[in-house]
Amino acid sequence: MPHATLPVPGMGTYRLTGASGRQAMLTALELGYRHLDTAVLYNNESDVGAAMAASGIDRGDLFITTKVWHTDLAPEAMRASLNASLKRLGTDYVDLLLVHWPPYGDAVPMADYLPALKALRDSGKTRHIGVSNFTRALIDQAVGVLGEGELLTNQIEVHPFMHNNAVVEHCQQHGIAVTAYVPLAIGQVMQDATLNDIAQAHQISPAQVALAWLHQRNIVPIPASSKRDHLQANLDAMTVQLSDAEMARIGQLDRGRHLVSPGFAPQWD
């Protein structure tokens, strides 16, 4: 079932900028997407704001996520980052504010930045708070700082070749939703024989198989696309039902290797 708060699927907007990016976002909203995922780093919050405005959709019906970069986690810097994001987005609040990456080398203690994140939620400038790229140990530390039930989601890399099972299960045990970025493994799902075989059986694409697999794991995928037919197909994938045997076949594809792992990433599980 879709997560009670996070509309499924979301639309990832990384690398969608300028007129073409705005059009892709507007197309997604016209097709029925209500969850747009952006970040300061993506340099497209103003494009998201323009698409929101052009759509004519009531703000209360949209779910907008943005993220604070890991160098801006000191409380004052975090507040300034969110205020600047709100200005670019043209809105008084976001629905979800994430810590994009944990600070490198604990440059800002979690005991400082997570209460500051919660204070922004309490101020009404964000409806929900969460994290991204947190390991099990970091999740435990975060729950220790904030308590249970405070973090809405942990946005992490999950796709058929990177199942991230330990982190997924740990988050779900704490009632923290899992959001999957690069859910199509940066296009690699299209070349996999197993995914193509399952896709053929359902008369769908391998990308839709990957998204359906995530959905059935109660994970919120946020695929990115600029093409109308792909955006529609990603929506349609949420109605695909894979068999237990098909889920098990995909379960054998895990390679346990991150496609996204910058030098400042934490020590992965």
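Residues numbered from 1 in each chain as written. Predicted model: local features only at pLDDT ≥ 70, side-chain atom pairs only at ≥ 80, totals over all residues. Heavy atoms only, no water.

Quick word on the pattern of salt bridges
For step 1, the next point in the chain: Per the stated rule, a full pass over the model turns up 11 salt bridges.
For step 2, the next point in the chain: For the salt bridge of Asp-269 with Arg-136, the shortest nitrogen-to-oxygen distance reads 3.0 Å. You can see Asp-269 sitting in the segment after helix H10 (244-251) and its partner Arg-136 sitting in helix H5 (residues 136-146), a full 133 residues away along the chain.
For step 3, the next point in the chain: Linked through salt bridges whose partners overlap, the residues forming this network are Lys-118, Arg-121, Asp-122 and Glu-150. (Salt bridge = Lys/Arg side-chain N within 4 Å of Asp/Glu carboxyl O. Helix = DSSP H or I, 4+ residues; strand = E, 2+ residues; numbered from the N terminus.)

Re the layout of surface pockets
For step 1, the next point in the chain: Taken as a whole, the largest pocket encloses approximately 940 Å³ of empty space.
For step 2, the next point in the chain: Every residue lining the largest pocket is counted, 37 residues in all, and those nearest its centre are Tyr-14, Val-182, Pro-183, Ile-186 and Ala-224.
For step 3, the next point in the chain: If you list the elements that add at least two residues to the lining of the largest pocket, you get helix H8 (206-216) and helix H9 (228-236).
For step 4, the next point in the chain: Broken down by element, the residue count for the lining of the largest pocket peaks at three residues, all from H9.
For step 5, the next point in the chain: Classifying every residue of the lining of the largest pocket gives 21 nonpolar, 13 polar and three charged. (1 Å grid on protein atoms, 1.4 Å probe; cavity = no way out; pocket = protein on both sides within 12 Å on 5 of 7 lines; lining within 4 Å. Points joined across faces, edges and corners; volume = space filled by probe spheres on them. Nonpolar A, V, L, I, M, F, W, Y, C, P; charged D, E, K, R; others polar.)

Topic: H8
For step 1, the next point in the chain: Of all the 11 residues making up H8, 10 are buried; the element is thus mostly covered by neighbouring parts of the structure.
For step 2, the next point in the chain: All of the buried residues along H8 are Pro-206, Ala-207, Gln-208, Val-209, Ala-210, Leu-211, Ala-212, Trp-213, Leu-214 and His-215.
For step 3, the next point in the chain: The first or second residue beyond H8 is Asn-218, which carries a positive phi of 60°. (Buried < 20%, exposed > 50% of the residue type's maximum accessible area, 1.4 Å probe, protein only.)

Let's talk about the sheet that holds strand E2 (residues 35-37)
For step 1, the next point in the chain: As summarised here, the arrangement of the eight strands in space is E1-E2-E3-E4-E5-E6-E7-E8, forming an open sheet in which the pairing is parallel. At either margin of the open sheet sits one strand with a lone partner, and together these are strand E1 (11-12) and strand E8 (219-221).
For step 2, the next point in the chain: Sheet contacts for helix H4 (residues 110-122): strand E4 (94-99) and strand E5 (126-132); angle to E5, the most-contacted strand, approximately 155°. (Pairing = 2+ DSSP bridges. Contact = heavy atoms within 4.5 Å. Axes fitted to C-alpha atoms, helices over the stretch in contact; angles between N-to-C directions.)

As for the packing of aromatic side chains
For step 1, the next point in the chain: What the rule picks out here adds up to four aromatic pairs.
For step 2, the next point in the chain: Among the aromatic residues, those joined into a cluster by ring pairs are Trp-69, Trp-101, Phe-264 and Trp-268.
For step 3, the next point in the chain: Taking NZ or CZ as reference, Arg-59 lies 4.1 Å from the ring centre of Tyr-93, over its face.
For step 4, the next point in the chain: Positioned above the aromatic ring of Phe-161, the side-chain terminus of Arg-255 is 4.1 Å from the ring centre. (Phe/Tyr/Trp six-rings, centres within 6.5 Å; stacked < 30°, edge-to-face > 60°. Lys NZ or Arg CZ within 6 Å of the ring centre and 35° of its normal.)

Digging into the packing of helix H3 (residues 75-89) against H4
Two quantities define a packed helix pair, namely the angle between the helix axes and the distance between the axes.
For step 1, the next point in the chain: It is at 9 Å that the axes of H3 and H4 come closest, and there the two elements cross at 35°. Considering only the axes of H3 and H4, their crossing is right-handed. In contact with Pro-75, Met-78, Arg-79 and Leu-82 of H3, H4 contributes Asp-112, Tyr-113, Ala-116, Leu-117 and Leu-120.
For step 2, the next point in the chain: Of the residues that constitute the contact of H3 with H4, the class distribution is seven nonpolar, no polar and two charged. (Left-handed = near helix turned anticlockwise from the far one by under 90°.)

Considerations on the pairing of E4
For step 1, the next point in the chain: The buried fraction of E4 amounts to six of the six residues, a majority that puts the element mostly inside the structure.
For step 2, the next point in the chain: Here strand E3 (residues 63-68) pairs with E4 via four bridges, running parallel. Along E4, the bridge assignment pairs Thr-66 with Leu-97.
For step 3, the next point in the chain: Note that the unit made of E3, H3 and E4 has a crossover that is right-handed.
For step 4, the next point in the chain: When E4 meets E5, the two strands line up parallel, connected through five bridges. Bridge pairing in E5 places Leu-96 opposite His-128. (Right-handed = clockwise from strand over helix to strand, strands pointing away.)

A look at the environment of Glu-148
For step 1, the next point in the chain: Looking at the element boundaries, Glu-148 is found in the loop between H5 and strand E6 (151-157).
For step 2, the next point in the chain: Between the C-alpha atoms of Glu-148 and His-174, which are 26 residues apart in sequence, the distance is 6.9 Å.
For step 3, the next point in the chain: For Glu-148, the residues in contact, after removing those within four places along its chain, are Val-143 and His-174.
For step 4, the next point in the chain: Only 2.9 Å separates the side chain of Glu-148 from the side chain of His-174, close enough to count as a polar contact. (Polar contact = N/O pair within 3.5 Å; in protein donor to acceptor, adjacent residues only side chain to side chain.)

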